[in-house]
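Structural overview
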Amino acid sequence: APCHLMMSLIPSRGCLLDLPWEDILVPHILCHLPLQQLLSLQRVSKSFQSLIQLYLANMRCFDSSQIGPAIPRAAFVNLLKDNEVLQQLALQNCSDWLTDRELLPVIGQNHHLHQIQLKGCAQLSRHTLVAISLSCPNLRRLSLAHCEWVDSLSLRSLADHCKALEAVDLTACRQLKDEAICYLVQKCSRLKSVSLAVNANVGDVAVEEIAKCCPELEHLDLTGCLRVKNDSIRVLAEYCPKLRSLKVKHCHNVAESSLSILRSRGVELDVEPPLQRALVLLQDVVGFAPFINLQI
């Protein structure tokens, strides 16, 4: 009897596809399955293939890392060809082959994107950033880390059109100098998080402009910005009351005299105070640190 009961609870073949696709299957069932499994479902039957294509056309979020370590070029193009409602796009696993040719159509037909991640996509060009600025007026978060093709002209386009930008990662965008950063922050005053790490061309002029233009600033990464000095850090402390974290590791011209102001406010810094560094060094060398009175 229990066996017959179980059999009666199992839907007959094809029953799943009889449920309303757009009202039930797409928003309430398929959204809980990993993307890789959904793609496998396409091979079950023509009906399943049509269902998955409907799902892909209605996806709000696409993250290439969900498909595995590498997504084939043809698969990427096919997956997003019908989608015009994307809100989040993360393509950090496509750097080996992704060019403007594959990405520009996706950007051009998706005007609701508010988060784009292109970290390490080295084969794109400035045309991608111009396309983003023209197609995505509601963009709030953008990562262009290690995209050395980003230049001052394309960044100006972004600044002119994406005024709602709240977070931008320009790590190792080596073409950018102070002037380009200044233009960006003058136009995008809502910025809360900025990374200019590993950029030897960025100095005090850019940091002071960020401080004066972005009162909502919470996170700033200046790791390895060798031209940044104490003066701009003091301006940062004066103009950015909401600052929560500052990274200045390998900024050899930034000293404790300017950092102590932020440290006293509870801002998270990625360098230890000098006394702490000295104690750690002493412990490493002679093992005496436990005997030192830290209250001195």
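Below: a short report on this structure. In this text the structure is predicted, and so the values were computed from the model without any measurement.

1. Side note on helix α7 (residues 100–109)
Along α7, the residues classified as buried are D100, E102, L103, V106 and I107. Looking straight down α7, one finds that the buried residues subtend no more than 160° of arc, so they occupy a single side. Considering only its buried residues, α7 is in contact with α6 (73–80), β2 (88–90), β3 (115–117) and α8 (126–135).

2. Let's talk about the packing of α6 against α7
The N-to-C vectors of α6 and α7 enclose an angle of 15°; their axes lie 10 Å apart at closest approach. Of the possible angle classes, the one that applies to α6 and α7 is roughly parallel. By crossing handedness, the relation of α6 to α7 is classed as left-handed. Counting all contacts with α6, which are made through R73, F76, V77 and L80, the residues of α7 involved are E102, L103, V106 and Q109. Of the residues assigned to the contact of α6 with α7, the class counts are five nonpolar, one polar and two charged.

3. Focus on the packing of aromatic side chains
Enumeration over the complete set of coordinates arrives at two aromatic pairs. Over the face of the ring belonging to Y183 we find R156, whose NZ or CZ atom lies 3.8 Å from the ring centre.

4. Topic: a nonpolar patch on the surface
On the surface, L16, I24 and I29 cluster together into a nonpolar patch covering about 210 Å² of accessible area. One can find L16 in helix α2 (residues 15–18).

5. Examining the pattern of salt bridges
This structure, assessed with the given rule, holds ten salt bridges. Of the charged contacts, one joins E148 and R174 as a salt bridge, the two residues approaching to 3.0 Å between their closest N and O atoms. Of this pair, E148 sits in the loop between β4 (141–143) and α9 (152–161) while R174 is found in the loop between β5 (167–169) and α10 (178–187), placing the two residues 26 residues apart along the sequence. For D178, the salt bridge is made with R227, and the minimal N-O distance between the two is 3.9 Å. Remark: R227 occurs in the loop between β7 (219–221) and α12 (230–239) and D178 occurs in helix α10; sequence separation between them is 49 residues. With a relative accessible area of 10%, D178 lands in the buried category.

6. Describing the state of the cysteines
Applying the stated rule across the entire model yields zero disulfides. In this model C182 remains outside any disulfide bridge; the closest cysteine sulfur is found in C213, 7.6 Å from its own. The thiol of C240 is not disulfide-bonded; the next cysteine sulfur, from C214, is found 7.2 Å away. Overall, the relative accessible area of 0% leaves C240 in the buried class.

7. What to know about the nonpolar core
Counting 86 residues, the largest nonpolar core has F62, L222 and L246 as the members making the most contacts within it. Taken domain by domain, the makeup of this core includes at least three residues from each of domain 1 (20–58) and domain 2 (60–285).

8. Here's the deal with the packing of α9 against α10
Contact pair α9 / α10: the axes reach a minimum separation of 8 Å and the direction vectors enclose 5°. Classified by the interaxial angle, the pair formed by α9 and α10 is roughly parallel. Facing S152, L155, R156, L158, A159 and D160 of α9, the residues of α10 in contact are A180, I181, Y183, L184 and K187. Of the residues in the contact of α9 with α10, the class split is seven nonpolar, one polar and three charged.

9. So, the sheet that holds strand β8 (residues 245–247)
Note on sheets: strands pair through backbone hydrogen bonds, and any given pair is parallel or antiparallel. Strand order in the open sheet made by the nine strands is β1-β2-β3-β4-β5-β6-β7-β8-β9, with parallel pairing throughout. Two strands bound the open sheet, and with one partner strand each, they are β1 (61–63) and β9 (268–269). Alignment of β5 against strand β6 (residues 193–195), held across three bridges, turns out to be parallel. The partner of A167 across the bridge, within β6, is S193.

10. Observations regarding α10
Burial of α10 is extensive: seven of the ten residues sit out of reach of the surface. On its buried side, α10 packs onto α9, β5 and α11 (204–213).

11. Comments concerning the environment of C136
By secondary structure assignment, the location of C136 is in the loop between α8 and β4. In this structure the C-alpha to C-alpha distance between C136 and L158, which are 22 residues apart in sequence, comes to 9.5 Å. What C136 contacts, discounting residues up to four positions off in sequence, is I107, N110, L113, I116 and C162.

12. Some remarks on the environment of L80
Mapped onto the elements of the fold, L80 is located in helix α6. The buried category is assigned to L80, whose relative accessible area is 1%. Through-space distance from the C-alpha of L80 to that of Q109 is 10.0 Å; in sequence the pair is 29 residues apart. Residues in contact with L80, not counting those within four places in the same chain, are M59, F62, L86, L89, V106 and Q109.

Calculation rules
Residues numbered from 1 in each chain as written. Predicted model: local features only at pLDDT ≥ 70, side-chain atom pairs only at ≥ 80, totals over all residues. Heavy atoms only, no water. Buried < 20%, exposed > 50% of the residue type's maximum accessible area, 1.4 Å probe, protein only. Helix = DSSP H or I, 4+ residues; strand = E, 2+ residues; numbered from the N terminus. Arc of directions from axis to C-beta. Contact = heavy atoms within 4.5 Å. Axes fitted to C-alpha atoms, helices over the stretch in contact; angles between N-to-C directions. Parallel < 35°, antiparallel > 145°, perpendicular 65-115°, else oblique. Left-handed = near helix turned anticlockwise from the far one by under 90°. Nonpolar A, V, L, I, M, F, W, Y, C, P; charged D, E, K, R; others polar. Phe/Tyr/Trp six-rings, centres within 6.5 Å; stacked < 30°, edge-to-face > 60°. Lys NZ or Arg CZ within 6 Å of the ring centre and 35° of its normal. Patch = residues over 30% accessible without salt bridge, like charges linked within 9 Å, V, L, I, M, F, W, Y side chains within 5 Å. Areas by Shrake-Rupley, 256 points an atom, 1.4 Å probe, with all protein chains shown as cover. Salt bridge = Lys/Arg side-chain N within 4 Å of Asp/Glu carboxyl O. Disulfide = S-S within 2.5 Å. Core = buried A, V, L, I, M, F, W, Y, C linked by side-chain atoms within 4.5 Å. Domains from an automatic or database assignment. Pairing = 2+ DSSP bridges.

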